[in-house]
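# Descriptive analysis of the structure
In case you want the letters, here they are:
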Amino acid sequence: MRETNFLTENNARHMWHPMAHPAEMQTNPPHIIQAAEGVEVTDVNGKTLLDAVGGLWNVNLGYSCEPVKQAIRDQLDALPYYSAFRGTSTDKAIELSYELSEWFKEDGLTRAFFTSGGSDSVETALRLARQYHKINGQPERTKFVALKKGYHGTHFGGASVNGNANFRRNYEPLLPGVFHLAAPYEYRNPFNTSDPAEIAQAIARQFEDEIAFQGADTIAAMIMEPVLGSGGVIVPHETFMPLMRGICDRHGILLIADEVITAFGRTGAWTGSRGWGVKPDFMCAAKAITNGYFPFGAVMIADKIATAFENSKGAIGSIGHGYTYSGHPVGAAAALATLKETSRLNVAANAAARGDELLAGLQALMDTHELVGDVRGRGLMCALELVSDRKTKAGAAKDVVQKVFDTAYAEGVMIRTSGCNVIISPPLVVTAKDVSRIVSAVDAGLHAATGGK
């Protein structure tokens, strides 16, 4: 391994970082993470931190999940790779497809299409949605409806349905035929209300109006996250996703649930959709499917979609889409072990209990710190929105947000900042003591950022 001096000198010099300005990374080099154990990570200087980011929403079982690591080792020895393209398969991919059909049976999803990650899963769902309508003799159903503040990855399809200009502006023009509704955002919305149920109804009316304008027979699908994650942990009212499902059903529009973050227990339910009592037509999954130990994803597919494809005749039902690493045997082995441990540890229940503690702790900070304009969360995905003025809701300055991050880091807790939001998404195996440690570090960060005010 290279010496620390080498790593420090070459940090961000030859590597461009995702979601960052290359020049800024060179001016302010990122922290170098070199080791991890349990729910903690250690940087190149030997500082150990509780990872309140959970990798990137994906290390649900922590960094010392030996059954997953052993499954990867064993599979590398048995079969490190083979293609799942037409004509060949692997034992682990077949086994995983069965286990996922059992896992997601309650969501009405019984088929799996394997991908390399979340962006791939979104791209797959968008494509299959269009193809489904072509199979059904409705080729004009090509448009997509999404939510502002929603995040759906970085491919051109995903970027097109993304609802955040930061991920769109520099790459436009994007995919035509994509239309965005307001986010179910209690703190900031265009409806002059803070009642989440009223906001849900207002967006439902917006959706109906857009359908009437576009023509239902031109819309392929609506895509949404059950809880909007990267957009700032926006938790909709409990009626919102059922309302969207009902509108889709009335107009023959498919519902794609982007659960790259929310599947496998993070919201306190095994899937975000299940938590709202909704069965989607497609579900995009990735991240925690292998506990972050191997790049892997899946699109889970409902029976009605599967029936249409499997009963179709001719080339129109043939899937002309896939990835070199679709169904990768090492990833499939990792996923099988992850599912087993995820179930054994019942992490959804822990996420619900620890999430309640985390949200209560963060809400208490709002009572103490004027810098906090809003606190929201569900399960172990929470956010504080920082403001310079609570009355105007003007966002906090960049250096203020950075001070919160830096101080929490010094206190031994890794948090994530995005714009004016502090996002907390630790592994789902954290303890009550870990939650207290997170809240304490964020408290210190808020004090430091405001001089104790």
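Up top is the structure these notes are about.
One structure accompanies this document, and this report is about it.

Rules used throughout
Residues numbered from 1 in each chain as written. Predicted model: local features only at pLDDT ≥ 70, side-chain atom pairs only at ≥ 80, totals over all residues. Heavy atoms only, no water. Pairing = 2+ DSSP bridges. Helix = DSSP H or I, 4+ residues; strand = E, 2+ residues; numbered from the N terminus. Contact = heavy atoms within 4.5 Å. Axes fitted to C-alpha atoms, helices over the stretch in contact; angles between N-to-C directions. Buried < 20%, exposed > 50% of the residue type's maximum accessible area, 1.4 Å probe, protein only. 1 Å grid on protein atoms, 1.4 Å probe; cavity = no way out; pocket = protein on both sides within 12 Å on 5 of 7 lines; lining within 4 Å. Points joined across faces, edges and corners; volume = space filled by probe spheres on them. Nonpolar A, V, L, I, M, F, W, Y, C, P; charged D, E, K, R; others polar. Phe/Tyr/Trp six-rings, centres within 6.5 Å; stacked < 30°, edge-to-face > 60°. Lys NZ or Arg CZ within 6 Å of the ring centre and 35° of its normal.

## Observations regarding the sheet that holds strand 3 (residues 48-51)
An order of 1-2-3-14 is seen for the four strands of this open sheet, with the pairing classed as mixed. Strands at the two margins of the open sheet, each flanked by one partner only, are strand 1 (33-37) and strand 14 (413-414). One ladder, built from two bridges, connects strand 3 with strand 14; its direction is parallel. Note on strand 14: the bridge partner recorded for Asp51 is Met414. Here helix 15 (residues 432-450) sits on the sheet and contacts strand 2 (40-43), strand 3 and strand 14; the angle it forms with strand 3, its principal contact strand, is near 105°.

## Re unusual backbone geometry
Note that the residue after Glu172, namely Pro173, is joined by a cis bond; omega there is 5°. Mapping Pro173 onto the fold places it in the loop between helix 7 (156-161) and strand 6 (178-181). The backbone of Lys149 sits at a positive phi, close to 75°, despite the residue not being glycine. One non-glycine residue with positive phi stands out, namely Asn192, at about 60°. With respect to the secondary-structure elements, Asn192 resides in the loop between strand 6 and helix 8 (196-214). Here Asn192 falls in the exposed class, since its relative accessible area comes to 80%.

## Overview of the environment of Thr338
With respect to the helices, strands and loops of the structure, Thr338 is situated in helix 12 (residues 329-345). Through-space distance from the C-alpha of Thr338 to that of Ala71 is 9.3 Å; in sequence the pair is 267 residues apart. Setting aside its immediate chain neighbours within four residues, Thr338 contacts Leu61, Val68, Ala288, Ile289, Thr290 and Asn291.

## Description of empty space enclosed by the protein
Within the structure shown, the criterion is met by one cavity of 30 Å³ or more. Taken as a whole, the largest cavity encloses approximately 30 Å³ of empty space. Taken together, Pro184, Tyr185, Glu186, Pro196, Ile199, Val235, Pro236 and His237 form the lining of the largest cavity. Broken down by class, the residue content of the lining of the largest cavity amounts to six nonpolar, one polar and one charged.

## Some details on the packing of aromatic side chains
Within the structure shown, the criterion is met by seven aromatic pairs. Ring plane angle 70° and centroid distance 5.1 Å describe the contact between Trp103 and Trp270, whose orientation is recorded as edge-to-face. With Trp103 in helix 5 (residues 91-103) and Trp270 in the loop between strand 8 (254-258) and helix 10 (272-275), the pair connects residues that are 167 residues apart, well separated along the chain. Arranged with centres 5.6 Å apart and planes meeting at 70°, the rings of Phe104 and Phe264 form a pair that is edge-to-face. Of this pair, Phe104 sits in the loop between helix 5 and strand 4 (109-115) while Phe264 sits in the loop between strand 8 and helix 10, and the two are 160 residues apart along the sequence. Exposure class is identical for Phe104 and Phe264. Each is buried. For the cation-ring pair, Arg378 lies above Trp276, with the distance from its terminal atom to the ring centre recorded as 4.0 Å. Its guanidinium or amino end placed over the ring of Tyr187, Lys393 lies 4.4 Å from that ring's centre, counting from NZ or CZ.

## Digging into the layout of surface pockets
Taken as a whole, the second largest pocket holds about 480 Å³ of empty space. What lines the second largest pocket is a set of 18 residues, and nearest its centre among them are Ala84, Phe85, Arg86, Thr88 and Phe113. Partitioned by chemical class, the residues of the lining of the second largest pocket number nine nonpolar, eight polar and one charged.

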